[in-house]
Amino acid sequence: MDLKLLAEILITLIVAFRIYILQSFNIKSAADKIFALYYLKNHYPILGYLLIFYMFEIILIQIFLLQKVDIVLIILFTMEIFFVYRHIFISLKTDDMDDYIDIVIKRIFTTLTYSEYQQIKTELYKPQPIWKLYLTEMIVYFFSIYSIELS
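How each quantity is defined
Residues numbered from 1 in each chain as written. Predicted model: local features only at pLDDT ≥ 70, side-chain atom pairs only at ≥ 80, totals over all residues. Heavy atoms only, no water. Helix = DSSP H or I, 4+ residues; strand = E, 2+ residues; numbered from the N terminus. Buried < 20%, exposed > 50% of the residue type's maximum accessible area, 1.4 Å probe, protein only. Polar contact = N/O pair within 3.5 Å; in protein donor to acceptor, adjacent residues only side chain to side chain. Contact = heavy atoms within 4.5 Å. Axes fitted to C-alpha atoms, helices over the stretch in contact; angles between N-to-C directions. Parallel < 35°, antiparallel > 145°, perpendicular 65-115°, else oblique. Left-handed = near helix turned anticlockwise from the far one by under 90°. Nonpolar A, V, L, I, M, F, W, Y, C, P; charged D, E, K, R; others polar. Expected span 1.5 Å × (residues − 1). Core = buried A, V, L, I, M, F, W, Y, C linked by side-chain atoms within 4.5 Å. Patch = residues over 30% accessible without salt bridge, like charges linked within 9 Å, V, L, I, M, F, W, Y side chains within 5 Å. Areas by Shrake-Rupley, 256 points an atom, 1.4 Å probe, with all protein chains shown as cover. Salt bridge = Lys/Arg side-chain N within 4 Å of Asp/Glu carboxyl O. Lys, Arg positive; Asp, Glu negative; His and termini not counted. Charge placed at Lys NZ, Arg CZ, Asp CG, Glu CD.

Engineer: Give a description of the side chain of Thr94 that names residues and reports values.
Structural biologist: Along the polypeptide, Thr94 turns up in the loop between helix H5 (71-87) and helix H6 (97-108). Residue class for Thr94 comes out buried when judged on its relative accessible area of 13%. At 3.0 Å, the side chain of Thr94 forms a polar contact with the backbone nitrogen of Asp96. Aside from chain neighbours lying at most four places away, what touches Thr94 is Phe35, Tyr38, Asp99 and Tyr100.

Engineer: So, the packing of H6 against helix H7 (residues 114-125): which residues are in play, and what are the values?
Structural biologist: Put simply, H6 and H7 touch, their axes get as near as 11 Å, and they point 125 degrees apart. Judged by the inter-axis angle, H6 sits oblique to H7. In the packing of H6 onto H7, the handedness of the crossing is right-handed. Seen from H6, the contacting residues are Met97, Asp98, Ile101, Asp102 and Ile105; seen from H7, they are Tyr117, Ile120, Lys121, Leu124 and Tyr125.

Engineer: Which residues make up the packing of H5 against H6, and what values go with them?
Structural biologist: Across the interface, H5 lies against H6 with an axial gap of 9 Å and an inter-helix angle of 120 degrees. The residues of H6 that touch H5, namely those facing Tyr85, Arg86 and His87, are Tyr100, Val104, Arg107 and Ile108. Partitioned by chemical class, the residues of the contact of H5 with H6 number four nonpolar, one polar and two charged.

Engineer: Tell me what's going on with helix H1 (residues 3-23), and back it up with residues and numbers.
Structural biologist: Think of an α-helix as 3.6 residues a turn; residues three or four steps apart then line up on the same face. Here H1 contains 21 residues, and its C-alpha end-to-end distance of 30 Å stays within 8% of the 30 Å for a straight helix at 1.5 Å per residue. Within H1 the residues assigned to the buried category are Ala7, Glu8, Ile11, Ile14, Val15, Arg18, Ile21 and Leu22. The inward-facing, buried residues of H1 contact helix H2 (30-43), helix H3 (45-52), helix H4 (54-66), H5 and helix H9 (135-150). Capping the start of H1, Asp2 holds a side-chain oxygen 2.7 Å from the backbone nitrogen of Lys4, two or three residues further along.

Engineer: I'd like a rundown of the nonpolar core, residues and numbers included.
Structural biologist: Most often, soluble globular proteins keep nonpolar side chains buried together rather than apart. If you look at the biggest cluster of nonpolar residues, it comprises 24 residues, and the most contacted ones within it are Leu22, Ile27, Leu37, Tyr38, Ile88, Tyr100 and Ile101. Residue assignment for this core shows that the elements contributing at least two residues are H1, H2, H3, H6 and H7. Judged by nonpolar contacts, the second largest core, of 16 residues, contains Ala7, Val15, Ile58 and Leu73.

Engineer: For a negative patch on the surface, give the residues involved together with the corresponding values.
Structural biologist: Together, Asp95, Asp96, Asp98 and Asp99 make up a negatively charged patch on the protein surface. Given the relative accessible area of 36%, Asp98 is considered partly exposed.

Shown next, in the form of structure tokens:
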């Protein structure tokens, strides 16, 4: 088997696994997706870290199998790490989604009026189409496959 094909299969499996596990939480909004990753990190750490750092795993696959450094993925990973740090790695331990979302909103926005807080919370809980919820995963997948095919 060609190394390019092996890398593409592994990347497809990683992205599909992330989408499958997150979808099993019956995600309908951005708040659901953020809380699912937080919940997995706290209750199933190995699985949680595997899903949280999926871009890093894809980068490692490309480096070790293909000796290729994908700058676009590294930039996306850097932005994702900032997001993960701000939303997932917080000192709160809770199983209540409302408490978790409250803390996340307060960490991001230090000065909020009550109406602004309610507006942000409503936006996070607003049901989204599936393609919007998994847009990041699809972008990572297509950039990965595209860069493999170009190399």
